Amino acid sequence: MIGAKRRRAKRALRSARMLDEVVDTQLPLLASFDEQRRRRSADYLAELVKLAQDYRYYANGWIDARELERRGRSAMSVLTRLREDPSNHAVND
């Protein structure tokens, strides 16, 4: 039981680090975008940062798998809306 919990926590931390890497890689590119694209991209990256934090919360035992799943679905919904409608920003939710 403890071994499985530890593996899930490690996997969650790996996922958080991967999301951090995506954000760190993309963040410098924002300066070259026009304002609308920069805002949309910043909203997108902010959602990834929040999701990475949720994975850390799960790894620390602060939220359970069900809550992580709910937050992940919510993040995917926001990311999908940002992709489908460039005029829609996450801050408008």
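For the structure, check the block above.
Just so it is clear, the structure is predicted and the values come from calculations on it, not from any experiment.

Draft legend 1. Fine view of the overall build of the protein. If you tally the helices and strands in the protein, you get three helices and zero strands. Listed by position from the N terminus, the elements making up the protein come as α-α-α. With respect to the principal axes defined by its C-alpha atoms, the protein has extents near 50 × 25 × 15 Å. By the burial criterion, 29% of the 93 residues in the protein qualify as buried. Looking at the protein alone, contacts between residues at least 24 apart form 60% of all its contacts between residues at least 6 apart. Counting only carbon and sulfur atoms, one obtains 52% of the accessible surface of the protein, whose full area is about 6,600 Å². In the protein, 20 side chains carry a positive charge and 14 a negative one; their mean positions are 9 Å apart.

Draft legend 2. Quick peek at helix α2 (residues 35–59). With 25 residues, α2 should cover 36 Å at 1.5 Å per step; its first-to-last C-alpha distance of 36 Å lies within 8% of that length. Listing the buried residues of α2 in full gives Ser41, Asp43, Leu45, Glu47, Leu48, Leu51, Ala52, Asp54, Tyr58 and Ala59. For α2, the secondary structure elements touched by its buried residues are α1 (2–26) and α3 (65–84). The N-cap residue of α2 is Asp34: its side-chain oxygen and the backbone nitrogen of Gln36 are 3.1 Å apart.

Draft legend 3. Here's a closer look at the side chain of Glu47. Following the sequence through the fold, Glu47 ends up in helix α2. At 3.3 Å, the side chain of Glu47 forms a polar contact with the side chain of Lys50.

Parameters at a glance
Residues numbered from 1 in each chain as written. Predicted model: local features only at pLDDT ≥ 70, side-chain atom pairs only at ≥ 80, totals over all residues. Heavy atoms only, no water. Helix = DSSP H or I, 4+ residues; strand = E, 2+ residues; numbered from the N terminus. Buried < 20%, exposed > 50% of the residue type's maximum accessible area, 1.4 Å probe, protein only. Contact = heavy atoms within 4.5 Å. Areas by Shrake-Rupley, 256 points an atom, 1.4 Å probe, with all protein chains shown as cover. Lys, Arg positive; Asp, Glu negative; His and termini not counted. Charge placed at Lys NZ, Arg CZ, Asp CG, Glu CD. Expected span 1.5 Å × (residues − 1). Polar contact = N/O pair within 3.5 Å; in protein donor to acceptor, adjacent residues only side chain to side chain.

Everything listed here is a matter of coordinates, which is why it stays silent on function.
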